Amino acid sequence: MIELLQLPFMQRAVIAALLVGLCAPLVGTFIVQRRLALLGDGIGHVALTGVALGFLTGTAPVLTAVLVSVVGAVAIELVRARGRTSGDVALALLFYGGIAGGVMLISIAPGGSNSKLTSYLFGAIASVTREDLWVIGALAVAVIAVVAVFGRELFVLCQDEEVAKASGLPVRFLSLLIAVTAALTVVIAMRVVGLLLVSALMVIPVATSQQFTRGFRATMLLSMVFGVVAAVGGLLSSTFSAKVPPGAAIVLLALAGFVLALGVGRFVRRGRTQESNP
């Protein structure tokens, strides 16, 4: 086990899992609070078009995924804010348009085939290169910096948009900021858990921490702990014992944590109720 962790590819995989475990629940807390839990899924499908565009143009798929994901996230937020269509319809447009665009572009790319998209759809953390890690690290720093600088304003927006408007906060800018930050997080996580599962790591740790906490900040911090445990634990378990794909192992471990937290949370609340009503 120790010998395997000393291998460069495994070290890169652990670092990538750690960064994803931190960033996905961090942004996911704001998304869940705004009742946009499926936003990550929608952006993930748009990112598929960006990946295919990278193969078509001969550039780094991660970088083109960032560009296309950000544009898609901004578009969906503008459509949602202007009320021309409901949020679920706008997300559906991202789902279908992203998949169709990705399949079409990869089919016309030189030597392109749908199999090239597999590692991005389901994750291939063991194949993360040094260059990928630098990009993931830079995006992770950007995501954490946004939350550190605008965290208080984003909290007010997520709690009540009308209160944020009355307080004079730039609601449109902050809403776009959440969408763009979610897009960056999706690209960070796509090499670890895959575009089809990325939303799970943004939502499940948050739902797990909500079983134990009530405050927004406490929920965010605890969800980051759960995210790191799920990401690193799923990676190690898939490598050393279970022999299952790391992305699936990470999400299943996160789900197991949620089920356990749900049972413990109910037991604790029942005990408190009995104590308050002797």
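Per an unreviewed UniProt entry, the protein carries the name Metal ABC transporter permease and comes from Nonomuraea mangrovi. According to its UniProt record, the protein has this under Sequence similarities (unreviewed entry): "Belongs to the ABC-3 integral membrane protein family."

Colleague: Looking at this model, I keep getting lost on the layout of surface pockets. Mind explaining?
Modeller: Here the idea is plain: a probe the size of a water molecule rolls over the atoms and shows the empty space left. Of the voids in this model, the largest pocket is the one considered here, and its volume is about 260 Å³. In this structure, the largest pocket is lined by Phe30, Val147, Ala148, Gly151, Arg152, Phe155, Phe216, Arg217, Met220 and Leu221. Elements with a contribution of two residues or more to the lining of the largest pocket: helix 7 (130-159) and helix 11 (216-240). The element that contributes the greatest number of residues to the lining of the largest pocket is helix 7, accounting for five residues. For the lining of the largest pocket, a count of residues per class yields seven nonpolar, one polar and two charged.

Colleague: Explain the UniProt feature "transmembrane region" (unreviewed entry) in the protein to me, please; I cannot follow it from the model alone.
Modeller: Look at the UniProt record and you will see "transmembrane region" (unreviewed entry) annotated at residues 12-32, 52-79, 91-113, 133-151, 163-182, 188-208, 220-242 and 248-268. Overall, residues 12-32 shows 100% helix and 0% strand. The separation of its end C-alpha atoms is 29 Å. Between the first and last C-alpha atoms of residues 52-79 the distance is 25 Å; the span itself is 89% helix and 0% strand.

The rules behind each value
- Residues numbered from 1 in each chain as written.
- Predicted model: local features only at pLDDT ≥ 70, side-chain atom pairs only at ≥ 80, totals over all residues.
- Heavy atoms only, no water.
- UniProt positions renumbered as here; feature names shortened; annotations may be inferred.
- 1 Å grid on protein atoms, 1.4 Å probe; cavity = no way out; pocket = protein on both sides within 12 Å on 5 of 7 lines; lining within 4 Å.
- Points joined across faces, edges and corners; volume = space filled by probe spheres on them.
- Helix = DSSP H or I, 4+ residues; strand = E, 2+ residues; numbered from the N terminus.
- Nonpolar A, V, L, I, M, F, W, Y, C, P; charged D, E, K, R; others polar.

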